[in-house]
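Residue-level structural notes
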Amino acid sequence: MNFDLTDERQMLQDSLRRFLRDNQDGLRASTRLGDTENTLGFDAGIWGKLAELGVIGALFSEEDGGFAGAGFDLTTVFEELGRAGAVEPLLDTAILGGGLIAALGNETQKELVEQVIGGELHLALAHGEPNSRYDLAQVETTAQVDGDDIVLTGRKAVVINAEAADYLVVSARESGAASDEDGISLFLVPRDSAGLSLRGYALLAGGRAAEVDLDGLRLSADARLGAAGSAYAALKRATNRAEVALAAETLGAMEAATELTREYLLTRQQFGRPIGTFQALQHRMATLLIELEQARSAVINAAGHLDGSAAEQALQISAARNLIGRAGRLVAEESIQLHGGIAMTEEYELAHIAKRIVMADHRFGDTDTQLERFIDQSAA
Ligand SMILES: Cc1cc2nc3c(=O)[nH]c(=O)nc-3n(C[C@H](O)[C@H](O)[C@H](O)COP(=O)(O)OP(=O)(O)OC[C@H]3O[C@@H](n4cnc5c(N)ncnc54)[C@H](O)[C@@H]3O)c2cc1C
């Protein structure tokens, strides 16, 4: 099989890699170290340039106003973001928020996707709740129809990019029990709506999130995305795409960590020679490189199945994320160990990259959860 990128994807990769390399200072600014002054959580200038470069458009299909949008387009973009340690919320604004509006929205709502692609609009998916853990169907927030209005009441936890978002895509239950797949709807909620309050905070690996309270928030019925109570399938599809993108981002971060480690071993002199000439360290480095190739294969496999059946997607995505969770942690921890004390300094690139790798595992389902999903799916 030929695993080379197509010419278009190669061009996208080259221009994005060059852009991220040339803009390292902006990417590393306050947003990484939890500067409380910056409640955006990213650099607005860099966001605008990513849109100009066509990076956001590459995450949407032509039908939705973009120019790519397949699994391998997502992995091409996110691998580069991961390599640069970028904290820019493409996953939240484009894949999750934008993806759900593209999937469920009416003509008027879909106009927002154009603005997302143009870099003018930010989104956040307010779905997870204090009790939901990794269960996508667990929604306790309620949506009550009241005359022509809908009233949302509930709490959403760790809503990434909430403070920067112009709209939150909020899930709420219109019928059924708390963990039923049926009965969940999505609503487009302007961030400045009365009845919506945010408590924002910096995330450990960069960027920001917020706890969101919905206290009798009143919307008109045209804020609903799609038919009442039937959003679960679209949520699952968007989350699958996000999981593949996140796996690719972690792969990129693993590449950066191993490259930094290789450079250190070839540069750091001890006993009159580079420490990379000691066999004990070469063996450890070789293990990392093998794990990296395994992770790359897993991402390619998962991306290739993104258009497959629901069962096939579930199986391959869990396999990839379980493998990357394990391999990623090994790469992060071994890279720190092989660097010695320098890896403990916050200013050194590896410290940030290692945090990105470890924290990515806790989104959408960690290594153990993915193993359980894989077993369940294999037995089904
Ligand atoms: C939080 C913190 C507090 C510290 N406090 C103190 C302190 O109070 N006093 C003090 O003296 N030091 C202190 N240190 C420094 C610490 O002792 C060194 O960081 C540590 O010894 C590793 O040295 P290095 O960072 O220079 O790594 P390097 O010497 O560059 O080594 C990098 C890696 O290569 C491995 N390695 C090196 N040579 C070989 C070899 N020949 N064969 C196999 N493996 C090899 C090392 O084990 C390590 O994994 C501290 C460090 C940290 C992070």
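A brief look at the structure comes next. (Residues numbered from 1 in each chain as written. Predicted model: local features only at pLDDT ≥ 70, side-chain atom pairs only at ≥ 80, totals over all residues. Heavy atoms only, no water.)

Attention now goes to the overall build of the chain. Along the chain, the regular secondary structure elements total 11 helices and 10 strands. The C-alpha radius of gyration of the chain comes to 21 Å, within 12% of the 21 Å expected for a compact globule of 380 residues. By its C-alpha atoms, the chain is 80 × 50 × 40 Å across when sized along the principal axes. Scored against the burial criterion, the 380 residues of the chain give a buried share of 52%. Of the roughly 17,000 Å² that the chain leaves accessible, carbon and sulfur atoms contribute 50%. Each charge class in the chain was averaged separately, 33 positive and 58 negative side chains, and the resulting centres sit 6 Å apart. (Helix = DSSP H or I, 4+ residues; strand = E, 2+ residues; numbered from the N terminus. Rg over C-alpha atoms; globule rule 2.2 N^0.38 Å. Buried < 20%, exposed > 50% of the residue type's maximum accessible area, 1.4 Å probe, protein only. Areas by Shrake-Rupley, 256 points an atom, 1.4 Å probe, with all protein chains shown as cover. Lys, Arg positive; Asp, Glu negative; His and termini not counted. Charge placed at Lys NZ, Arg CZ, Asp CG, Glu CD.)

Here Arg-224 is to be found in strand β8 (residues 224-225). Classification of Arg-224 as buried rests on a relative accessible area of 17%. In contact with Arg-224, not counting residues within four places along its chain, are Gln-109, Val-145, Ile-150, Glu-174, Ser-185, Leu-186 and Phe-187. (Contact = heavy atoms within 4.5 Å.)

Sheet topology places strand β6 (residues 196-202) next to strand β7 (residues 208-220); 7 bridges connect them, and they run antiparallel. Opposite Leu-198, over in β7, you have Val-212 as the bridge partner. From the end of β6 to the start of β7, which pair antiparallel, there are 5 residues, and Gly-206 there has a positive phi angle of about 100°. (Pairing = 2+ DSSP bridges.)

What follows is about the packing of aromatic side chains. The full count for this structure, using the stated rule, is 2 aromatic pairs. Both rings, one in Phe-42 and one in Trp-47, keep their centres 5.6 Å apart while their planes meet at 50°; by these two values the pair is tilted. Judged by relative accessible area, which is 3%, Phe-42 ranks as buried. Seen from their ring centres, Phe-271 and Phe-278 are 6.0 Å apart, and the 70° between their planes marks the pair as edge-to-face. You can call Phe-278 partly exposed: its relative accessible area is 23%. (Phe/Tyr/Trp six-rings, centres within 6.5 Å; stacked < 30°, edge-to-face > 60°.)

Along the chain, Leu-91 turns up in helix α5 (residues 90-104). For Leu-91 and Asn-161, which are 70 residues apart along the polypeptide, the C-alpha to C-alpha distance reads 9.7 Å. Dropping the residues within four chain positions of it, Leu-91 is found in contact with Phe-78, Leu-96, Ala-242, Ala-245, Leu-246, Arg-363 and Phe-364.

This next bit is on the packing of helix α7 (residues 232-267) against helix α9 (residues 310-339). At a minimum axis separation of 9 Å, α7 and α9 run at an interaxial angle of 25°. It follows from the interaxial angle that α7 and α9 lie roughly parallel. The two elements α7 and α9 cross, and the hand of that crossing is left-handed. Among the residues forming the contact of α7 with α9, the class breakdown is 13 nonpolar, 8 polar and 2 charged. (Axes fitted to C-alpha atoms, helices over the stretch in contact; angles between N-to-C directions. Parallel < 35°, antiparallel > 145°, perpendicular 65-115°, else oblique. Left-handed = near helix turned anticlockwise from the far one by under 90°. Nonpolar A, V, L, I, M, F, W, Y, C, P; charged D, E, K, R; others polar.)

Moving on: the packing of helix α4 (residues 71-84) against α7. The contact between α4 and α7 brings their axes to 6 Å, and the two run at 40°. Between α4 and α7, the crossing angle belongs to the class labelled oblique. Taken as a pair, α4 and α7 cross one another with a handedness that is right-handed. Contacts between α4 and α7 involve Leu-74, Thr-75, Phe-78, Glu-79, Gly-82 and Arg-83 on the former and, on the latter, Arg-241, Val-244, Ala-245, Ala-248, Glu-249, Leu-251, Gly-252, Ala-253, Glu-255 and Ala-256. Here the residues of the contact of α4 with α7 are counted per class, giving 8 nonpolar, 3 polar and 5 charged.

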